[in-house]
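Single-letter residue listing:
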Amino acid sequence: MNIGLIGSGGREHALCKSISNSRLAKRIICFPGNAGTAKIATNINVNVLNFKKVLKLINFYKIDLVIVGPEEPLVKGIVDFLRKNKIKVFGPNKFASKLEGSKAFMKKLCAQNKIPTAKFKICNDKKQVTHFLKRCNFPLVVKADGLAAGKGVTICKSKDEVIDVASEILKGKFKSSKKLILEEFLDGEEASYFLIVDNNNFKFFGSAQDHKRVYENDKGPNTGGMGAYSPAPIIDKKMEKKVISKIVLPTLQALKIKKKPYSGFLYVGLMIKNNEPYLIEYNVRMGDPECQVILPRLKTDFLKIINKAVMNKLGQTQIKWKKLKSMTIVLCSKGYPGKYIKNKNISIKHIKLSKNDYLFHAGTKFNDNNLVNSGGRVLNITSTGKNFLKIRKKIISIIKKINWKHGFYRKDIGWKVIK
Ligand code: AMP
Ligand code: GLY
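Attention shifts here to the site of ligand 2. In the region of ligand 2, the neighbouring residues are Asp210, Lys212, Gly224, Tyr267, Asn283, Arg285, Gly287, Asp288, Pro289 and Glu290. Within the backbone of glycine 224, a nitrogen or oxygen atom sits 3.1 Å from a nitrogen atom of ligand 2. Protein chains shield 90% of the accessible area of ligand 2, which is 200 Å² for the free molecule. Along the lines of polarity and charge, the residues of the shell around ligand 2 split into 2 nonpolar, 3 polar and 5 charged.

Contacts to ligand 1 come from 14 residues, most closely from Glu183, Glu184, Leu186, Glu190 and Glu281. Contact between ligand 1 and lysine 143: a nitrogen atom at 2.9 Å from a side-chain N or O atom of the residue. Within the side chain of glutamate 183, a nitrogen or oxygen atom sits 2.7 Å from a nitrogen atom of ligand 1. In the complex, 91% of the free accessible area of ligand 1, which totals 470 Å², lies under the protein chains. Taken together, the elements giving at least two residues each to the shell around ligand 1 come down to strand 7 (140–144), strand 9 (180–184) and strand 16 (276–283). Classifying every residue of the shell around ligand 1 by side-chain character gives 7 nonpolar, no polar and 7 charged.

Going through the model one piece at a time under the given rule, you end up with 13 aromatic pairs. Their ring planes at 40° and their centres at 5.6 Å tell us that tyrosine 193 and phenylalanine 204 sit as a pair that is tilted. Note that tyrosine 193 is positioned in strand 10 (residues 189–197) and phenylalanine 204 in strand 11 (residues 202–210), a separation of 11 residues in sequence. Owing to a relative accessible area of 0%, tyrosine 193 belongs among the buried residues under this scheme. For phenylalanine 204, a relative accessible area of 32% corresponds to the partly exposed category. Look at phenylalanine 205 and phenylalanine 265: their rings are 5.1 Å apart centre to centre, the planes differ by 45°, and that puts the pair in the tilted class. Taken together, the positions of phenylalanine 205 in strand 11 and phenylalanine 265 in strand 15 (residues 264–273) put the pair 60 residues apart, joining distant regions of the chain. Of the two residues, phenylalanine 205 and phenylalanine 265, both sit in the buried class. Ring pairing ties together the aromatic residues Phe90, Tyr193, Phe204, Phe205, Phe265, Phe302 and Trp321, which thus form one cluster. The residue whose ring lies beneath lysine 411 is tyrosine 409, and the NZ or CZ to ring-centre distance is 4.8 Å.

A word on a positive patch on the surface. A contiguous patch of positive charge on the surface is contributed by Arg23, Lys299, Lys304, Lys320 and Lys323. Relative to the assigned elements, lysine 299 resides in the loop between helix 10 (290–294) and helix 11 (302–310).

This part is about the sheet that holds strand 4 (residues 65–68). Strand order in this open sheet of 5 strands is 3-2-1-4-5, and the pairing throughout is parallel. Strands at the two margins of the open sheet, each flanked by one partner only, are strand 3 (42–43) and strand 5 (89–90). By the bridge criterion, 6 bridges tie strand 1 (residues 2–7) to strand 2 (residues 27–32) in an arrangement that is parallel. Each residue of the ladder has a partner; that of glycine 4, found in strand 2, is isoleucine 29. Of the strands in this sheet, strand 1, strand 4 and strand 5 touch helix 11, which is tilted by about 100° from strand 4.

A few words on the pairing of strand 19 (residues 364–367). In the sheet, strand 19 pairs with strand 20 (residues 370–373) via 4 bridges, with the strands oriented antiparallel. Looking at the pairing, threonine 364 lines up with asparagine 373 of strand 20. Hairpin connection between strand 19 and strand 20: a loop of 2 residues separates the two successive antiparallel strands, and aspartate 368 in this loop has a positive phi of roughly 55°.

What follows concerns the layout of surface pockets. The space that makes up the second largest pocket amounts to roughly 560 Å³. Along the walls of the second largest pocket sit 22 residues, with Lys39, Ile348, His361, Phe366 and Leu371 positioned nearest its centre. Counting residues per element, the ones that place at least two in the lining of the second largest pocket are helix 1 (10–20), strand 18 (357–361) and strand 20. Here the lining of the second largest pocket gets 4 residues from one element, more than from any other, and that element is strand 18. Counted by class, the lining of the second largest pocket contains 11 nonpolar, 8 polar and 3 charged residues.

A negative phi holds for most residues other than glycine; trans holds for most peptide bonds. Note that the residue after phenylalanine 138, namely proline 139, is joined by a cis bond; omega there is -5°. A cis geometry characterises the amide bond from aspartate 288 onward to proline 289, with omega recorded as 25°. In this structure, lysine 62 takes a positive phi of about 50° despite not being glycine. When you line up the elements, lysine 62 lands in the loop between helix 2 (51–60) and strand 4. Among the residues examined, lysine 62 registers a relative accessible area of 62% and is labelled exposed. Residue aspartate 218 is not a glycine yet carries a positive backbone phi of 50°. When you line up the elements, aspartate 218 lands in the loop between strand 12 (213–215) and strand 13 (219–222). Residue classification places aspartate 218 among the partly exposed positions, given a relative accessible area of 28%.

Here helix 8 (residues 159–171) contains 13 residues, and its C-alpha end-to-end distance of 18 Å stays within 8% of the 18 Å for a straight helix at 1.5 Å per residue. Those residues of helix 8 that fall on the buried side of the exposure criterion are Val162, Val165, Ala166, Ser167, Ile169 and Leu170. For helix 8, the secondary structure elements touched by its buried residues are strand 6 (120–123), helix 7 (126–133), strand 7, strand 8 (153–156) and strand 9. Just past helix 8, the residue glycine 172 takes up positive phi, approximately 105°.

Looking now at the side chain of aspartate 210. Mapped onto the secondary structure, aspartate 210 falls in strand 11. Buried charge aspartate 210 goes without a salt bridge, the closest partner of opposite sign being lysine 212 at 4.5 Å. In this view, aspartate 210 contacts Gly224, Gly225, Met226, Gly227, Ala228, Pro289 and Glu290; residues no more than four positions away in its chain are not counted.

About the cut-offs
Residues numbered from 1 in each chain as written. Chains lettered and ligands numbered in written order. Predicted model: local features only at pLDDT ≥ 70, side-chain atom pairs only at ≥ 80, totals over all residues. Heavy atoms only, no water. Near = heavy atom within 4 Å. Polar contact = N/O pair within 3.5 Å; in protein donor to acceptor, adjacent residues only side chain to side chain. Areas by Shrake-Rupley, 256 points an atom, 1.4 Å probe, with all protein chains shown as cover. Nonpolar A, V, L, I, M, F, W, Y, C, P; charged D, E, K, R; others polar. Helix = DSSP H or I, 4+ residues; strand = E, 2+ residues; numbered from the N terminus. Phe/Tyr/Trp six-rings, centres within 6.5 Å; stacked < 30°, edge-to-face > 60°. Buried < 20%, exposed > 50% of the residue type's maximum accessible area, 1.4 Å probe, protein only. Lys NZ or Arg CZ within 6 Å of the ring centre and 35° of its normal. Patch = residues over 30% accessible without salt bridge, like charges linked within 9 Å, V, L, I, M, F, W, Y side chains within 5 Å. Salt bridge = Lys/Arg side-chain N within 4 Å of Asp/Glu carboxyl O. Lys, Arg positive; Asp, Glu negative; His and termini not counted. Charge placed at Lys NZ, Arg CZ, Asp CG, Glu CD. Pairing = 2+ DSSP bridges. Contact = heavy atoms within 4.5 Å. Axes fitted to C-alpha atoms, helices over the stretch in contact; angles between N-to-C directions. 1 Å grid on protein atoms, 1.4 Å probe; cavity = no way out; pocket = protein on both sides within 12 Å on 5 of 7 lines; lining within 4 Å. Points joined across faces, edges and corners; volume = space filled by probe spheres on them. Expected span 1.5 Å × (residues − 1).

No statement about biological role is implied by the geometric values presented.
What follows is the structure, encoded as structure tokens:
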């Protein structure tokens with residue numbers, strides 16, 4: 001099969017690598033890909049939100065199956081558009097993608113279906129915010145309704161802070177929506193649980209714990225993710241049962257009733273408090289960097305699984321996992337998630353990886369023949385093994401060899417599982 005892969009991050013390099021390892025893959029075209037995918041696929045530079053242009057390219061390259069990595073094209077309806085044009089595509093439809101695209105939609109769905117989640121209030125104007133503030137506890141979580149590239153959530157400690165953050169959202173700071181959600185702060189342990197879903201079935205697709213704060217000891221502003229490990233030990237069999245019965249099944253059923261069944265990867269963002277799971281967020285895609293830490297543990301042919309899902313035959317597929325632990329550390333540009341310098345050379349030619357190690361590119365590109373950074377999260381170094389401490393040491397030794405003076409990384413990834 002010829003595969004079209006949409007996206008350009010570390011997640012897409014990991015997806016591309018797994019696709020390229022499949023016996024079913026003939027040619028891979030990445031729209032637009034990065035310097036890592038360029039080595040194993042053909043990168044085509046296109047704005048992936050220009051669906052008509054993407055369709056033209058899909059037809060030109062005789063692509064048999066399209067896999068969508070990031071949320072924005074999904075939320076904007078790329079799957080519906082391609083399906084209408086008779087293209088086979090893996091990912092959720094536009095309606096179902098509102099699980100990530102609108103937090104108000106997600107929270108209403110939770111309320112209607114008794115799905116455990118933080119108590120909330122959806123606000124459309126300042127009056128509703130100030131009214132709510134008359135009797136609420138702190139900290140209070142303020143969330144932008146629409147997509148916000150990981151910057152839409154603020155944990156506020158005072159009324160003034162809530163009013164400041166809310167005013168910015170209501171004024172349109174995030175172009176995707178002017179609504180906001182005020183939400184009870186849940187004090188617990190976060191974990192991410194992944195599923196692959198088709199119209200008839202769903203299967204477990206790994207668990208992981210991400211590290212969102214930029215600095216060690218979980219300090220500093222939120223980022224897209226500084227590192228992750230898999231599996232997440234907090235999601236044991238008992239917890240998994242609760243997550244499925246209390247959260248996943250009612251969600252999938254609610255979308256089926258609306259005749260908009262979910263299909264694609266489903267990222268269930270959880271807060272676990274007093275041994276009970278609460279839904280913090282849904283993402284309608286694999287996580288980044290969770291994908292880079294989960295896929296190296298997959299034993300079954302990745303493309304075979306995706307192909308079965310697209311045919312709604314996931315029920316016939318057995319997904320097997322290696323009995324290995326996995327960790328990834330993100331090498332970032334100094335200054336991220338704030339301002340950082342781009343186009344700085346990175347040298348990785350001298351890096352020799354063993355079969356348990358992976359180097360996924362995220363914000364990289366080639367300037368002439370030189371590898372340079374084009375984003376804030378630059379490289380993901382993943383390693384697998386039996387012991388998280390040893391894995392982390394291995395990753396750090398690779399990062400030290402890369403020795404990129406414009407970069408930084410967290411040395412404490414996995415602190416919860418490394419005592
Ligand atoms: P989200 O974009 O909804 O995943 O939120 C980003 C991060 O904010 C989450 O990963 C949590 O660390 C934190 N967060 C979001 N909602 C809550 C909540 N209700 N209580 C505590 N922390 C939260
Ligand atoms: N790592 C968090 C996310 O992908 O949303």
